[in-house]
Amino acid sequence: RDRSCDWSSDVCSSDLSMQVSVETTSNIERRMTIGVPAQEIDQAVQKRLQETARTVKMNGFRPGKVPMRVVKRRFGDSVRQEIVGEVMRDNYIKALQEQDINPAGWPKFEPKTMEEGKDLEFVAIFEVLPEVELGDFSKISVEKPKAEIADKDVDTMIDNLRRQQATMKSVKRKSKNKDVVLIDFKGTVDGEEFEGGAAENHKLTLGSGQMIPGFEKGIVGGKAGEELEIEVTFPEDYQNEELAGKPAKFDIKIHEVQEPQLPELDAEFFKKFGIDAEDEATFREEVQKNMERELKQAVSNKVKNDVVEGLLESTELEVPASLVDQEIDRLRQDAVQRFGGQVDFQQLPKEIFEEQARRRVKTGLLFQEVVKQNDLKADPAKVDEKIQEIASTYEQPEEVVAHFNSSPEQKQQIESSVLEDAVVDLILGQAKVKEKKLKYEEAIQAGQQQR
């Protein structure tokens with residue numbers, strides 16, 4: 001192609017028509033000024049008006065016979081605006097390719113001149129991906145949980161599964177942990193009621209930790225029909241700062257105490273959890289296998305979170321706002337799906353997602369740089385292994401494997417996950433890793449915590 005450039009002035013022309021200059025306004029922001037000859041715009045407008053004239057229907061004229069002057073008077077401004085938008089987009093993309101620039105997101109266009117008969121000049125303001133200088137991996141500290149599944153852990157899990165399927169029976173005795181009580185309560189601080197401190201006919205499982213410390217314990221031993229007064233103190237880190245650390249009184253009336261009736265451990269119960277077993281021993285083995293998978297995933301999550309945290313702390317990086325905005329929209333849409341699609345994601349304030357979005361974008365850029373510098377690839381064997389691992393949790397694993405292998409998009413997600421694991425493994429090989437013995441539940445909780 002015929003291309004001439006005056007590199008000293010940072011101006012290039014393509015096909016001796018489009019004029020381009022690029023200005024660096026910050027580490028990641030660029031202002032690209034592009035000039036397009038009037039002839040190119042006018043020809044495109046004329047062609048679009050001719051196409052419109054062939055199809056437009058107007059009173060007093062037969063189809064295809066509307067005079068061009070009438071078409072131009074009626075549609076000229078809107079067609080020109082449409083063409084200018086297309087020309088700006090197409091020439092911007094063309095200029096990026098010629099200048100070998102990789103933008104981080106879509107630009108903001110600012111037309112400078114766009115009158116008919118004059119050359120079009122516009123500015124595209126956009127961000128580029130930042131240059132990444134990775135920190136010293138050896139300074140990253142990782143705490144790796146080490147836990148074993150004891151028999152009592154399996155007992156607790158099976159008890160929880162039974163309680164999920166329990167029916168409730170009203171009892172006259174004193175309440176105890178794991179009972180469900182139906183209560184009215186009213187709380188006061190310094191003699192004044194506070195928002196959210198009262199409820200009627202509230203169902204509460206004693207010992208569940210749903211309420212502030214001391215509340216549920218104060219109800220244990222109470223019977224239906226009794227009225228209690230308990231004193232508790234809000235935690236220092238309570239979400240409502242006006243109540244944090246303050247003592248409170250609660251007047252409580254117990255309407256009913258319900259005792260869970262646990263189902264028998266039989267084949268019918270086992271099937272409710274997708275386990276085809278005839279006896280408790282087989283069911284127990286399957287439950288333990290599931291727990292082992294959960295423990296492995298929890299340890300992996302905790303280690304990855306520590307690696308990410310260390311990577312973020314050890315690397316200074318300016319994050320493109322356009323990528324953060326894109327990630328915010330994804331998080332908003334995810335939130336809407338969790339709400340059941342009842343709200344428009346645009347109604348959710350951007351600010352509540354901004355910190356998480358910025359963290360995700362920065363993490364993604366850092367992982368990409370590790371992949372690039374170390375030429376990492378997703379190991380096909382590990383991709384297959386992860387697919388098999390996911391499939392093993394379903395009743396028809398062969399169908400799940402076939403689904404992943406026949407869906408490029410789904411398989412790509414697995415490949416991305418395997419590549420992330422490769423990044424974590426590489427950093428772990430250089431980081432300071434310290435094992436910490438934990439109980440099963442503690443390890444699971446450690447893997448669920450997100451910073």
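Conventions and cut-offs
Residues numbered from 1 in each chain as written. Predicted model: local features only at pLDDT ≥ 70, side-chain atom pairs only at ≥ 80, totals over all residues. Heavy atoms only, no water. Helix = DSSP H or I, 4+ residues; strand = E, 2+ residues; numbered from the N terminus. Rg over C-alpha atoms; globule rule 2.2 N^0.38 Å. Buried < 20%, exposed > 50% of the residue type's maximum accessible area, 1.4 Å probe, protein only. Core = buried A, V, L, I, M, F, W, Y, C linked by side-chain atoms within 4.5 Å. Contact = heavy atoms within 4.5 Å. Polar contact = N/O pair within 3.5 Å; in protein donor to acceptor, adjacent residues only side chain to side chain. Salt bridge = Lys/Arg side-chain N within 4 Å of Asp/Glu carboxyl O. Patch = residues over 30% accessible without salt bridge, like charges linked within 9 Å, V, L, I, M, F, W, Y side chains within 5 Å. Areas by Shrake-Rupley, 256 points an atom, 1.4 Å probe, with all protein chains shown as cover. Lys, Arg positive; Asp, Glu negative; His and termini not counted. Charge placed at Lys NZ, Arg CZ, Asp CG, Glu CD. Pairing = 2+ DSSP bridges. Phe/Tyr/Trp six-rings, centres within 6.5 Å; stacked < 30°, edge-to-face > 60°. pLDDT = per-residue confidence, 0-100. Expected span 1.5 Å × (residues − 1). Bend = angle between axes of the 7 residues up to and from the residue. Axes fitted to C-alpha atoms, helices over the stretch in contact; angles between N-to-C directions. Parallel < 35°, antiparallel > 145°, perpendicular 65-115°, else oblique. Left-handed = near helix turned anticlockwise from the far one by under 90°. Nonpolar A, V, L, I, M, F, W, Y, C, P; charged D, E, K, R; others polar.

A look at the overall build of the chain
Secondary structure assignment for the chain yields 12 helices and 13 strands. Computed over C-alpha atoms, the radius of gyration of the chain comes to 32 Å, more than 25% over the 22 Å expected from 2.2 N^0.38 for 451 residues, which places it beyond the range of a compact globule. A principal-axis box enclosing the C-alpha atoms of the chain has dimensions of 90 × 60 × 50 Å. The buried share of the chain, taken over its 451 residues, is 35%.

Examining unusual backbone geometry
A positive phi angle, close to 80°, is found at Lys178, a residue other than glycine. In this fold, Lys178 is placed in the loop between β8 (167–171) and β9 (180–189). Residue classification places Lys178 among the partly exposed residues on the basis of a relative accessible area of 41%. Not every positive phi belongs to a glycine, and Asn201 is a case in point at roughly 50°. Assignment of secondary structure puts Asn201 in strand β10 (residues 192–205).

Observations concerning the nonpolar core
Counting 53 residues, the largest nonpolar core has Phe283 and Val287 as the members making the most contacts within it. The element best represented in this core is helix α6 (residues 280–313), accounting for 11 residues. Not counting residues within four places of it along the chain, the set of residues in contact with Val287 comprises Val154, Met157, Ile158, Leu161 and Ile275.

Some details on the side chain of Lys302
Relative to the assigned elements, Lys302 resides in helix α6. With relative accessibility at 10%, the residue Lys302 sits in the buried group. Within the structure, the side chain of Lys302 is placed 3.1 Å from the backbone oxygen of Glu143, a separation counted as a polar contact. Lys302 has contacts with Glu143, Pro145, Ala446 and Gly447, leaving out every residue within four places of it along the chain.

What to know about the pattern of salt bridges
Tallied over the entire structure, the rule returns 25 salt bridges. We note a salt bridge from Glu86 to Arg48, for which the minimum N-O separation is 2.9 Å. Of the two residues, Glu86 is situated in helix α2 (residues 68–99) and Arg48 in helix α1 (residues 38–55); the sequence distance between them amounts to 38 residues. Ionic pairing is found between Arg163 and Asp159, a salt bridge with its closest N-O pair at 3.0 Å. Here Arg163 and its partner Asp159 are both found in helix α3 (residues 151–164), four residues apart, which amounts to about one turn of the helix. Through salt bridges that share partners, Arg48, Glu51, Glu82 and Glu86 make up one connected network.

Side note on a negative patch on the surface
A grouping of Asp276, Glu278, Asp279, Glu280, Glu285 and Glu395 is seen on the molecular surface, where their side chains present a negatively charged patch. You can see Glu395 is positioned in the loop between α9 (380–391) and α10 (397–406).

Here's the deal with the pairing of strand β4 (residues 29–36)
In terms of burial, β4 is largely enclosed, as six of its eight residues are buried. Note that strand β3 (residues 18–24) and β4 share six bridges and pair antiparallel. Within β4, the position partnered with Glu23 by the bridge is Arg31. In sequence, β3 turns back onto β4 through a hairpin of four residues.

Considering the packing of aromatic side chains
Counted according to the given criterion, the structure contains 15 aromatic pairs. Measuring from ring centre to ring centre gives 5.5 Å for Phe185 and Phe215, while their planes differ by 75°; the resulting arrangement is edge-to-face. Separated by 30 residues along the polypeptide, Phe185 in strand β9 and Phe215 in helix α4 (residues 215–219) bring together distant segments of the chain. Classification of Phe185 by relative accessible area gives buried; the value is 8%.

Re the environment of Lys386
Examined against the element boundaries, Lys386 turns out to sit in helix α9. Discounting residues that sit within four places of it in the chain, Lys386 has contacts with Ile414, Ser417, Val418 and Asp421.

Remarks on the confidence of the model for the chain
Predicted confidence across the chain gives a mean pLDDT of 88, with 95% of residues reaching 70 or more. Counted against residues more than four places away or in other chains, residues 1–16, with its pLDDT under 50, gives 32 contacts.

Focus on α2
In a regular helix each residue adds 1.5 Å, so 32 residues correspond to 46 Å; α2 covers only 40 Å between its end C-alpha atoms and thus falls short of that length. In the structure, α2 departs most strongly from a straight axis at Phe75, where the bend amounts to approximately 65°.

Brief notes about the pairing of strand β5 (residues 108–113)
As paired elements, β5 and strand β6 (residues 120–127) share five bridges and run antiparallel to each other. Following the sheet pairing, Thr113 is matched in β6 by Glu121. What sits between β5 and β6 in their antiparallel hairpin is a turn of six residues, with Gly117 showing a positive phi close to 90°.

Remarks on the packing of α1 against α2
At a closest axis distance of 8 Å, the pairing of α1 and α2 adopts a crossing angle of 130°. Judged by the inter-axis angle, α1 sits oblique to α2. Between α1 and α2 lies a crossing whose hand is right-handed. Residue classes in the contact of α1 with α2 are distributed as 12 nonpolar, five polar and seven charged.

Comments concerning the side chain of Thr315
You can see Thr315 is positioned in the loop between α6 and α7 (321–338). Of the residues examined, Thr315 reaches a relative accessible area of 1% and is grouped as buried. Reaching out from Thr315, the side chain makes a polar contact with the backbone oxygen of Leu311 at a distance of 3.0 Å. Not counting the four nearest positions on each side in its chain, Thr315 is found in contact with Val132, Glu133, Leu134, Gly135, Lys362 and Leu366.

Describing the packing of α6 against helix α12 (residues 440–448)
At a closest axis distance of 7 Å, the pairing of α6 and α12 adopts a crossing angle of 50°. When the interaxial angle is binned, α6 and α12 end up oblique. The chirality of how α6 crosses α12 is left-handed. Where α6 approaches α12, its residues Met291, Glu294, Leu295, Ala298, Asn301 and Lys302 are matched on the opposing element by Tyr440, Ala443, Ile444, Ala446 and Gly447. By residue class, the composition of the contact of α6 with α12 is seven nonpolar, two polar and two charged.

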